[in-house]
Amino acid sequence: MSSALTDLFPIPIVQAPMAGGISVPQLAAAVSEAGGLGFLAAGYKTADGMYQEIKQLRGLTGRPFGVNLFMPQPEFAESGAVEVYAHQLAGEAAWYETELGDPDSGRDDGYEAKLAVLLDNPVAAASFHFGVPTRDVLDSLRRAGTLTLVTATTVEEALAVERAGADAVIAQGAEAGGHQGTHRDVPENDGSEIGLLSLVAQIREAVGIPVVAAGGLMRGSQIAAVLAAGASAAQLGTAFLATPESGAAGLHKRALTDPLFTRTALTRAFTGRPARGLVNRFMREHGPYAPAAYPEVHHLTSPLRKAAAKAGDAQGMALWAGQGHRMARELAAGQLVEILAEELAVASTALSTKSADGEDERR
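Calculation criteria
Residues numbered from 1 in each chain as written. Predicted model: local features only at pLDDT ≥ 70, side-chain atom pairs only at ≥ 80, totals over all residues. Heavy atoms only, no water. UniProt positions renumbered as here; feature names shortened; annotations may be inferred. Helix = DSSP H or I, 4+ residues; strand = E, 2+ residues; numbered from the N terminus. Rg over C-alpha atoms; globule rule 2.2 N^0.38 Å. Buried < 20%, exposed > 50% of the residue type's maximum accessible area, 1.4 Å probe, protein only. Pairing = 2+ DSSP bridges. Axes fitted to C-alpha atoms, helices over the stretch in contact; angles between N-to-C directions. Salt bridge = Lys/Arg side-chain N within 4 Å of Asp/Glu carboxyl O. Arc of directions from axis to C-beta. Contact = heavy atoms within 4.5 Å. Phe/Tyr/Trp six-rings, centres within 6.5 Å; stacked < 30°, edge-to-face > 60°. Core = buried A, V, L, I, M, F, W, Y, C linked by side-chain atoms within 4.5 Å.

Per an unreviewed UniProt entry, the recorded name for the protein is Probable nitronate monooxygenase, and the organism is Streptomyces sp. R39. We quote the UniProt Catalytic activity (unreviewed entry) comment for the protein here in full: "3 propionate 3-nitronate + 3 O2 + H2O = 3 3-oxopropanoate + 2 nitrate + nitrite + H2O2 + 3 H(+)". Per UniProt, the protein carries the Sequence similarities (unreviewed entry) text "Belongs to the nitronate monooxygenase family. NMO class I subfamily."

Shown next, in the form of structure tokens:
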């Protein structure tokens, strides 16, 4: 198994790229400086906005880092379903004194322009969500010196990632906060998401490329578990969301450990694609009726979410979080990487000791 990926960072911790202004250069720099692999999230940004963040990050660290892109989405045929949902959200718009967004604001997230920037200004790693790039794209990035990673939520998707020529696959379990990176959004599959440990083990047996485990990981002992299951590294998002370097709103950070928010759930309410967040009023009231229409629903609800944040109303925000959110620690990102590494070392030693004791008993 290639070590090119893990050679980029001495500690097997990848900071998940969290779109929407959370994975800012300061967070990525702190993680990379501490020995992990920091990531910028290009989703919902312009190509120039992404480029400016890359420049800023390069001014903060000389260590390797990555950039994440969203794949363009196929056309959505049932525009009537989006119109019906818009009518259902009319009361929200009135309450927050704002207009609903234009659902036809774009489907490709500036994908080609962002690729052009990454080919002209190569970074150490590029990851992709919501689908698989073509082999030509992956080969072009490799020639530019960029390692490529693609999210998969099933064994079948992981095999598609390997066939396309990616350097590694990100195995995203059901526990993960934010959007599930499914390659095809099929509503009939809702509820069939696979837990991380089972997914990592299945993908490890199916592909020959490195596996990065993602989903609900908050402690070094959990990282040790996924490494033991066959992963080469672990990707953590919610764990870094509460750090001071994170660009998440204060309301969002506090909600992670607020007793008011007792659980997470996957919902289409905010974007039209399954995404895990803290269950709040908006999710409860609108989740059952939201159509499978991404990014139309994302564009539609964007002004509502911004207005709720401005009003200090966490019940109207998309509070993305993984299932381990209550284990969030308000530590500086670099300090968090160091503590996770210490916990990982302790857990790995314990696993090795138990394994050795078991061998001795069998003899």
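A. Summary view of the overall build of the protein. In terms of regular secondary structure, the protein is built from 14 helices and 11 strands. Here the protein has a C-alpha radius of gyration of 20 Å; the compact-globule value for 363 residues is 21 Å, and the two agree. Counting only C-alpha atoms, the protein reaches 70 × 45 × 40 Å along its principal axes. Burial analysis of the protein (363 residues in total) assigns 56% to the buried set.

B. Region of the structure containing the sheet that holds strand β10 (residues 264-267). Spatially, three strands are ordered β7-β11-β10 in an open sheet, and the strand pairing comes out antiparallel. What marks the edges here is a single partner per strand, and that holds for β7 (178-179) and β10. Bridge count for β10 against strand β11 (residues 275-278) is four bridges, and the pairing is antiparallel. Directly across from A265, in β11, lies its bridge partner G277.

C. Structural view of the sheet that holds strand β1 (residues 13-15). The sheet built from eight strands is open, its strands ordered β1-β9-β8-β6-β5-β4-β3-β2 with parallel pairing. Looking at which strands have only one partner, the edges of the open sheet turn out to be β1 and β2 (38-41). Here the average twist between neighbouring strands, direction ignored, is 25°. Two strands pair when backbone bridges link them, and β1 and strand β9 (residues 233-236) are joined in this way by three bridges, in the parallel orientation.

D. Representation of the pattern of salt bridges in the model. Within the structure shown, the criterion is met by 10 salt bridges. With a shortest N-O distance of 2.1 Å, R107 and E296 are connected by a salt bridge. Placement of R107 in the loop between α4 (90-96) and α5 (111-120) and of E296 in helix α13 (residues 296-310) is noted, with a sequence separation of 189 residues between them. The pair R107 / E296 is uniform in exposure class, with both members buried. Beyond isolated ion pairs, a larger network of salt bridges with shared partners links E92, R281 and E285.

E. Local environment of helix α6 (residues 135-143). Residues of α6 that are buried include every one of V137, L138 and L141, and no others. Buried residues of α6, viewed axially, fall in a sector of 95°; they line one side. Of the residues in α6, the exposed ones pointing more than 90 degrees away from the buried face are D136 and R143. Buried residues in α6 make contact with α5, β4 (125-129), β5 (147-152) and α7 (155-164). G145, located one to two residues past α6, shows a positive phi value of around 95°.

F. Region of interest: unusual backbone geometry. Omega for the peptide link from Y294 to P295 comes to 10°, which places this bond in the cis form. Even without being a glycine, D109 presents a positive backbone phi close to 55°. Along the chain, D109 turns up in the loop between α4 and α5.

G. Spatial organisation of the packing of aromatic side chains. According to the stated counting rule, one finds five aromatic pairs in the structure shown. Ring geometry for Y44 against F70: centres 5.3 Å apart, planes inclined by 80°, an arrangement best described as edge-to-face. Here the residue Y44 occupies a position in the loop between β2 and α2 (47-60), and F70 occupies one in strand β3 (residues 65-70), the gap between them amounting to 26 residues. Relative accessible area serves as the criterion here: at 31%, Y44 is assigned to the partly exposed category. Both rings, one in F70 and one in F130, keep their centres 4.9 Å apart while their planes meet at 45°; by these two values the pair is tilted. On the criterion of sequence distance, the pair formed by F70 in strand β3 and F130 in the loop between β4 and α6 is long-range, its members being 60 residues apart.

H. Structural detail: the nonpolar core. Of all hydrophobic cores here, the largest spans 104 residues; its most connected members are V67, F128 and F240. For this core, the element with the most residues is helix α14 (residues 333-362), which contributes six residues. Residues L8, L147, L149 and A214 belong to the second largest nonpolar core, which totals 15 residues.

I. Region of the structure containing the side chain of T267. Looking at where T267 falls in the secondary structure, it is placed in strand β10. T267 sits in the buried class, given a relative accessible area of 7%. Those residues in contact with T267 that lie beyond four places of it in its chain are R273, P274, A275, M283, G287 and W320.

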